[in-house]
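# Structural features, examined
Below, each chain spelled out in residue letters.
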Amino acid sequence: MDWSYFIYFAVVAVLLWGVGAWAAWKDKRTEAYVTTVAGLLVFFCFIVLMWVSLERPPLRTMGETRLWYSFFLPLAGVIVYSRWKYKWILSFSTVLALVFICVNLFKPEIHSKTLMPALQSPWFAPHVIVYMFAYAVLGAATVMALYMLFIKRSTVTEQEYEITDNLVYVGLAFMTFGMLFGALWAKEAWGHYWSWDPKETWAAITWFSYLIYIHYRRLPKHNARLALWVLLLSFVLLQMCWWGINYLPAAQGTSVHTYGA
């Protein structure tokens, strides 16, 4: 199995997710669940086959992390749909997943079997996988914020704010676990838990920004729309932490986290 087969798995998965999104709009919940989960299984099969082929977790390059993100987005979407029955969430998660899939198709990267010694730690895989799931859930929260700020014409309900808050709670919890796994990985690979590397600094900034959102939302008197703008800003910071750091001059040649750039 090599990267050239990705397009076949991706097309089948996206078609299944698209059918699931259509079924959700038509209130055909069983079909929505079955086709969305089937698409996830097809996509995950490719990830597993790549894992076997590379003889390592496909987590080293930006393209490989986008692979996981494309998988986790529909997963987060179907979880939200299952819990709150939002018809449009599967459509949004499918479109976002398609964007990342297209980026991988148009900008393929070298997928080498070789892993530098720092990436051979057993903490490497759980650190990145947990982070990717956190990013996907926080992406779903961002979609909710965009929907409430720019798309929905009627009054935003408390249930919609509650859904957004719950997504942030889950996303931040997984992000916290990801940071802890990363600290254990850093201790094993470089001898210290935290060094204020540029990537680590931006991770801390992102973590605190979501924490600010949570605390601000819990104030007795707060501006709900301002909270949504804080959430959007937090997602921008998340993008900087995820891939933007690779393009910062401060990280070039100094950050130990630019190995996959």
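Remember, it's a predicted structure, so these values are computed and weren't measured experimentally.

## Let's talk about the overall build of the protein chain
The secondary structure content of the protein chain amounts to eight helices and zero strands. Seen in sequence order, the protein chain has helices and strands lined up from the N terminus as α-α-α-α-α-α-α-α. For the protein chain, the C-alpha radius of gyration of 19 Å lies close to 18 Å, the compact-globule estimate for 261 residues. With respect to the principal axes defined by its C-alpha atoms, the protein chain has extents near 55 × 45 × 25 Å. For the protein chain, the share of sequence-separated contacts (at least 6 apart) that also reach a separation of at least 24 residues comes to 77%. For the protein chain, the computed accessible surface area is about 12500 Å², with 70% contributed by carbon and sulfur atoms. Averaging the positions of the 19 positive and the 13 negative side-chain charges in the protein chain gives two centres separated by 7 Å.

## Describing empty space enclosed by the protein
Enumeration according to the criterion identifies two cavities of 30 Å³ or more in this entry. Considering only enclosed or pocket space, the second largest cavity measures out at about 40 Å³ in volume. As for the second largest cavity, its lining consists of L73, A76, G77, I89, F92, S93, L96, A136, A140 and V143. With four residues, helix α4 (residues 89-106) is the single largest residue contributor to the lining of the second largest cavity. Within the lining of the second largest cavity, the residues separate by chemical class into eight nonpolar, two polar and no charged.

## Some points on unusual backbone geometry
Unusually for a residue other than glycine, E55 sits at a positive phi of about 60 degrees. Within the fold, E55 resides in the loop between α2 (29-54) and α3 (62-84). According to the relative accessible area criterion, E55 is exposed, its value standing at 62%. Phi at K85 takes a positive value of approximately 60 degrees, unusual for a residue other than glycine.

## Here's the deal with the packing of aromatic side chains
Within the structure shown, the criterion is met by 28 aromatic pairs. Both rings, one in W123 and one in F181, keep their centres 5.7 Å apart while their planes meet at 25 degrees; by these two values the pair is stacked. Of this pair, W123 sits in the loop between α4 and α5 (124-151) while F181 is found in helix α6 (residues 158-190), placing the two residues 58 residues apart along the sequence. Residue class for W123 comes out partly exposed when judged on its relative accessible area of 30%. For F181, a relative accessible area of 23% corresponds to the partly exposed category. Ring plane angle 85 degrees and centroid distance 5.2 Å describe the contact between W207 and F208, whose orientation is recorded as edge-to-face.

Conventions adopted
- By convention here, each chain's residues receive numbers from 1 onward along its written sequence.
- For this predicted model, a pLDDT threshold of at least 70 governs which residues receive local features, and a threshold of 80 or more governs which side-chain atom pairs are given and counted, while totals over whole chains, interfaces and linings are taken from all residues.
- Excluding hydrogens and water, the side-chain figures rest on all heavy atoms present in the structure.
- Helix numbers and strand numbers start at the N terminus; a helix is a DSSP run of H or I with at least 4 residues, a strand a run of E with at least 2.
- We compute the radius of gyration over the C-alpha atoms and compare it with the globule rule, which gives 2.2 Å times the number of residues raised to the power 0.38.
- Contacts are residue-level and defined by heavy atoms, with any inter-residue pair within 4.5 Å sufficient.
- Computed with a 1.4 Å probe, the accessible areas rest on the Shrake-Rupley method; for each residue, only the protein chains presented here act as cover.
- Only four residue types enter the charge count: Lys and Arg as positive, Asp and Glu as negative, with His and the chain ends excluded.
- Think of each charge as sitting on NZ of Lys, CZ of Arg, CG of Asp or CD of Glu.
- We place a 1 Å grid over just the protein atoms. Points where a 1.4 Å probe fits but has no way out form a cavity, open points with protein on both sides within 12 Å along at least 5 of 7 lines form a pocket, and any residue with an atom within 4 Å of a point lines it.
- Grid points are joined across faces, edges and corners, and a volume is the space filled by probe spheres set on the points.
- Asp, Glu, Lys and Arg are counted as charged, while Ala, Val, Leu, Ile, Met, Phe, Trp, Tyr, Cys and Pro are counted as nonpolar; the rest, among them Gly, fall into the polar class.
- Accessible area is worked out with a 1.4 Å probe on protein chains only. A residue is then buried under 20% of its type maximum, exposed over 50%, and partly exposed in between.
- Any pair of Phe, Tyr and Trp rings, taking the six-membered ring for Trp, is counted once the centres come within 6.5 Å. Such a pair is stacked with planes under 30 degrees apart, edge-to-face with planes over 60 apart, and tilted for the rest.

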